[in-house]
Amino acid sequence: MLVYERLVVFVAATTGQGDEPDNMKNFWHFLLKKNLPVDSLCSVQLAVVGLGDSSYHKFNFVAKRLYRRLLQLGGRSILPLGLADDQHEFGCDGVINQWVKELWTKLLCLYPLPEGKVVINEFELLPPKYHFEIKDDFLAHPVNIGCSVTAPNSKSPFAAKLINNKRVTDDNHFQDVRLITFDVSGSAISYKAGDVVMVKPRNVDEVVQEFITLLGWDPNVIFTLKQSDEGCPLPSDLILPSTLHHVLTYYLDIQCVPRKYFFELLMNFTQSDLEKERLTEFCSADGQDEVYTYCNRVRRTSLEVLMDFPSATSHIPMCYLFDLFPVMQPRAFSIASSAIVSLLCNNTTYCKQGMFHGEKVLHMEKKVFHCQLKTFRFLKLYTDCNQGSK
């Protein structure tokens, strides 16, 4: 129960048109109850940081409403509301890094460490998120895309055929809006007005092979994951055991633009003094402009960064794979038709050729279906799945 907590840190994302995420809805509805006493949270200290995008009208709307409601119920804020902006030149990290530093400073004042305990060095290598356990005695069972025996979902998508990919805006218009049609007959999928289809890309085979060759790993190694810490649960949308090739192809975003923690890990892995000096600069407060020039401005991918730091790359332990690379996230598109599904896609964000060329995964959660495209190809159009229309 929230009322019995001494200190709570809230991280709140804003989705759609100022909507709270699905995993927050029950909590938010509870907070809005009119019969809650105005001093319900008088014994709770709190801090709130929001994740948003200032290109949307209701920028960080959820975090602002949450912060205001918590204070109305008597909560005591220990820090000003943090509003991270994905449009910042350093992304959300541009706000979060400084906000987290201020949070730790405040926490050390409120809750001093016991005698004999010291603060962990900022760049000290922490244990990996998960432990790898290699399996040699049985076959892996990765997601068998297109062979679902249950309702389509993120683990078991439905194989759909691409029927049409047509541009509906004039060639001279600055926005490239596409009407994309899929055949989902036989899927038992139903939907209604307001539902959306989720598109989750896969990494192309050439990129996966380049990654495996660069790191010198066996793509067919079979493994399962074990928790390193009770507070870090295993990924619920990854079927284990699996193969390294499957995870790199369908699950991890090995072509994203890396963030600060990526460079911190490489700094601990390299055995080259020159690489360590450069990576240390990238991780420092004074080196953020250098990081922006090297990485963010040109949209340099994680794979390209690994090529620039061969010593660090050659010494990456496989158990840190899930720490280095984030999970590929689906992107929502509006459904604009009936039984043969059509997506109306407003594409205004672009990335490097080949990143989303090839097989795609679509799914509907709650009112969103899962299916896989065997031939989803965008010719000249390449959209960034991490920066969607909603």
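A brief report on the enclosed structure follows. Remember, it's a predicted structure, so these values are computed and weren't measured experimentally.

Reading guide: rules and limits
Residues numbered from 1 in each chain as written. Predicted model: local features only at pLDDT ≥ 70, side-chain atom pairs only at ≥ 80, totals over all residues. Heavy atoms only, no water. Salt bridge = Lys/Arg side-chain N within 4 Å of Asp/Glu carboxyl O. Buried < 20%, exposed > 50% of the residue type's maximum accessible area, 1.4 Å probe, protein only. Core = buried A, V, L, I, M, F, W, Y, C linked by side-chain atoms within 4.5 Å. Patch = residues over 30% accessible without salt bridge, like charges linked within 9 Å, V, L, I, M, F, W, Y side chains within 5 Å. Areas by Shrake-Rupley, 256 points an atom, 1.4 Å probe, with all protein chains shown as cover. Helix = DSSP H or I, 4+ residues; strand = E, 2+ residues; numbered from the N terminus. Arc of directions from axis to C-beta. Pairing = 2+ DSSP bridges.

1. Regarding the pattern of salt bridges
No. 1: In total, this model carries eight salt bridges according to the counting rule given.
No. 2: Between K25 and E20 there is a salt bridge; the shortest N-O distance is 3.6 Å.
No. 3: Across the pair R300 and D308 runs a salt bridge, and its minimum N-O distance is 3.8 Å.
No. 4: Judged by its relative accessible area of 24%, R300 falls in the partly exposed class.
No. 5: With relative accessibility at 35%, the residue D308 sits in the partly exposed group.
No. 6: Members of the salt-bridge network, linked through shared partners, are R167, D176 and R178.

2. Quick notes on the nonpolar core
No. 1: Of all hydrophobic cores here, the largest spans 43 residues; its most connected members are F211, F263, L266, L321, F322 and F325.
No. 2: The next biggest cluster of nonpolar side chains, apart from the first, holds 18 residues, and it includes L2, F10, A12 and V62.

3. Points about a nonpolar patch on the surface
No. 1: Taken together, the side chains of M1, Y4 and F30 present a nonpolar region at the surface, about 420 Å² in accessible area.
No. 2: As for its position among the elements, Y4 is in the segment before β1 (7-13).

4. Concerning helix α8 (residues 288-296)
No. 1: What α8 keeps buried is the set Q288, V291, Y294, C295 and N296. Relative to the axis of α8, the buried residues are bounded by an arc of 145 degrees and lie together on one face.

5. What about the pairing of strand β11 (residues 331-335)?
No. 1: Here β11 lies mainly inside the structure; four of its five residues are buried.
No. 2: Looking at chain direction, strand β8 (residues 196-201) and β11 are connected through four bridges and run antiparallel. Within the sheet, the bridge partner assigned to M198 lies in β11 and is A332.

6. Examining unusual backbone geometry
No. 1: For the peptide bond that leads from L240 to P241, omega is 0 degrees, which places it in the cis range.
No. 2: Along the chain, P241 turns up in the loop between β9 (222-227) and β10 (242-243).
No. 3: Residue N60 is not a glycine yet carries a positive backbone phi of 50 degrees.
No. 4: Among the structural elements, N60 can be located in the loop between β2 (45-52) and α2 (61-72).
No. 5: In this structure, R299 takes a positive phi of about 55 degrees despite not being glycine.
No. 6: Along the chain, R299 falls in the loop between α8 and α9 (302-308).
No. 7: On the accessibility criterion, R299 (40% relative accessible area) is partly exposed.

7. As for the sheet that holds strand β5 (residues 130-134)
Sheets are built from strands that pair by backbone hydrogen bonding, the pairs being arranged parallel or antiparallel.
No. 1: Read across the open sheet, the three strands follow the order β5-β9-β10; overall the sheet is antiparallel. A single partner strand is all that each edge strand has here, and the edge strands are β5 and β10.

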